Amino acid sequence: MVLYGARLGGVAQCRGISVRHPIRYSGRKVSRAVVRVTYEEQHRDGKTMYGYMKKATKGGVIVEMVGDDNGGGDEGSLEGFLPWQEAPISINKKVKKHETMKELMPLGLQREFTVYEDEDGAYAAAEVVVSAKTIDQDMMWRRMEQINEHCTYEKENFSVVVNGVNKGGLTAFVAGYPVFVPISQLKRRDDGKMWDVPALQTAYMKKRIRITILEVNPDQRRVVCSEVKALENDIIRQLEVGHVIQGKIRKIEKFGAFVGIEGTRASALLHISNISGEHVDHPADILSQGEYIKAVIIGMNEDYTNISLSTSVLEKEKGDMVNDKELVFSTADEMASSFREEVLNQ
């Protein structure tokens, strides 16, 4: 999986691994930091330029800029100031402000920046102000959108350490981005009581848990995660064609029955043609809503959707589902094994 923003603050970041890489420019190792400045429409007065870290000051770094986004132009035509508040984001640890530039702007670093006009003249050291933080925030958001796709379509989970609790739920970081896990998306308490802050502190604070992304809000740039959905993903990822599932019939239609897969909120379709080897006029003639059944998976998409079930392949004799469905359920694992062998031999 390739993630956006693999390099933040001069550090390669992926799955919690931090490795510093030497930067090469024009086939040789550079002796000073090359700073690439990029315009983003959502920011204010952006320009695309290149620049070099010229001088470190107490409040930030002076960047000498040259030319356009292809590196053309005359060196020294413009100076920008990078205040420590706009320094690159460190997703591994908090860096104190007096250490920020030393830690996150080492010589040899190549990266993107946003340029702002210093309209108020707050930074007399340079003509414009540059920001690394805004670019990193955008990179991290695009990374979260990518991770969300993997969580949605591949049922991926990940491990995080809870760093905060409140009456609404838990907070943590995923790849450096803050996320929220609401109480409604946590496992139930063992004693059956409702979660409160003291109980959350005891059960979760500073503990490592497995979660998955439930929702991303691009307008608010808010990420909501779920522990319950992660447990469901673990079950769904084990599903394969030929495997027996147990579930509760949630709804019956004239074309078939929808079966809720045990331990998940996912449903699978048991089509009327797959209920029995004998003709069935209506699924309700054989099945009841709320009834627990066993069935075998005969098909599903790669993203674990559109799961199709069959009970007819579990019949020893044609019509067993009509005459004695409990017998079919009791020998389901045995008959499913024979079905899997047939599928593998095809």
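From a predicted model like this one, the values you see are computed outputs, not experimental measurements.

Thresholds applied
- Residues numbered from 1 in each chain as written.
- Predicted model: local features only at pLDDT ≥ 70, side-chain atom pairs only at ≥ 80, totals over all residues.
- Heavy atoms only, no water.
- Helix = DSSP H or I, 4+ residues; strand = E, 2+ residues; numbered from the N terminus.
- Buried < 20%, exposed > 50% of the residue type's maximum accessible area, 1.4 Å probe, protein only.
- Contact = heavy atoms within 4.5 Å.
- Areas by Shrake-Rupley, 256 points an atom, 1.4 Å probe, with all protein chains shown as cover.
- Core = buried A, V, L, I, M, F, W, Y, C linked by side-chain atoms within 4.5 Å.
- Phe/Tyr/Trp six-rings, centres within 6.5 Å; stacked < 30°, edge-to-face > 60°.
- Lys NZ or Arg CZ within 6 Å of the ring centre and 35° of its normal.
- Pairing = 2+ DSSP bridges.
- Axes fitted to C-alpha atoms, helices over the stretch in contact; angles between N-to-C directions.
- Polar contact = N/O pair within 3.5 Å; in protein donor to acceptor, adjacent residues only side chain to side chain.
- Arc of directions from axis to C-beta.

Asker: Which residues make up the overall build of the protein, and what are the values?
Answerer: When helices and strands are tallied, the protein shows 7 helices and 22 strands. In the protein, buried positions account for 45% of the 346 residues. Restricting the contact set of the protein to residue pairs at least 6 apart, pairs at least 24 apart contribute 54%. For the protein, the accessible surface area stands at approximately 19,100 Å², while carbon and sulfur atoms represent 47% of it.

Asker: Give a description of the nonpolar core that names residues and reports values.
Answerer: Ile275, Leu287 and Leu309 are the most contacted members of the largest nonpolar core, which totals 30 residues. Ignoring any residue separated from it by four or fewer positions in sequence, one finds leucine 287 in contact with Ile249, Ile252, Ala257, Leu270, Ile275, Ile293, Met321 and Lys325. In this structure, Met140, Trp195, Tyr204 and Val223 belong to the second largest nonpolar core, which totals 27 residues.

Asker: Outline the environment of isoleucine 211, supporting the account with residue identities and numerical values.
Answerer: Along the chain, the position of isoleucine 211 falls in strand S16 (residues 208-217). For isoleucine 211, a relative accessible area of 0% puts it in the buried group. Counting along the chain gives 54 residues from isoleucine 211 to asparagine 157, while the straight-line C-alpha distance between them is 5.6 Å. Each residue touching isoleucine 211, except ones within four places of it in the same chain, is listed here: Asn157, Phe158, Val160, Val174, Val179, Val181, Cys225, Ser226, Glu227 and Ala230.

Asker: Help me get a handle on the packing of aromatic side chains, residues and values and all.
Answerer: According to the stated counting rule, one finds 3 aromatic pairs in the structure shown. Stacked on the ring of tryptophan 195, the Lys or Arg arginine 189 has its end atom at 5.7 Å from the ring centre.

Asker: Report on the sheet that holds strand S20 (residues 267-271), specifying residues and quantitative values.
Answerer: Here we have 5 strands rolled up into a closed barrel, ordered S18-S19-S20-S22-S21, and mixed in their pairing. If you compare each strand with its neighbour and ignore which way they point, the axes differ by 55° on average. Here 5 bridges tie strand S18 (residues 244-253) to strand S21 (residues 292-299), and the two strands are oriented antiparallel to one another. What sits directly across from glutamine 246, in S21, is lysine 294.

Asker: Before we move on, could you go through helix H4 (residues 227-236) and cite the residues and values that matter?
Answerer: Taken as a whole, H4 has its buried residues at Glu227, Ala230, Glu232, Asn233 and Ile236. Considering only its buried residues, H4 is in contact with helix H2 (133-153), strand S15 (177-182), helix H3 (197-204), S16 and strand S17 (222-226). The opening residue of H4 is serine 226, an N-cap whose side-chain oxygen sits 3.3 Å from the backbone nitrogen of valine 228.

Asker: So what's going on with the pairing of S20? Residues and values would help.
Answerer: The two faces of S20 differ: Ala268 and Leu270 on one face are buried, but Ser267, Leu269 and His271 on the other face are not. The pairing of strand S19 (residues 256-261) with S20 spans 5 bridges and is classified as antiparallel. Residue pairing in the sheet places glycine 260 in a bridge with serine 267 of S20. Hairpin connection, S19 to S20: the antiparallel pair is bridged by 5 residues, and glycine 263 has positive phi, about 85°. Both S20 and strand S22 (residues 308-310) contribute to a ladder of 2 bridges, which runs parallel. By the bridge assignment, leucine 269 is partnered in S22 with serine 308.

Asker: Before we move on, could you go through H3 and cite the residues and values that matter?
Answerer: Inspection of H3 places Ala199, Leu200 and Tyr204 among the buried residues, and these make up the whole buried set. Looking straight down H3, one finds that the buried residues subtend no more than 100° of arc, so they occupy a single side. In H3, the exposed positions that point more than 90 degrees away from the buried face belong to Pro198 and Thr202. If you follow the buried residues of H3, they end up packed against strand S13 (164-166), strand S14 (169-174), S16 and H4. Two or three places before alanine 199, at the opening of H3, aspartate 196 has a side-chain oxygen 2.9 Å from that residue's backbone nitrogen. Phi turns positive, to about 65°, at lysine 206, one or two residues after H3.

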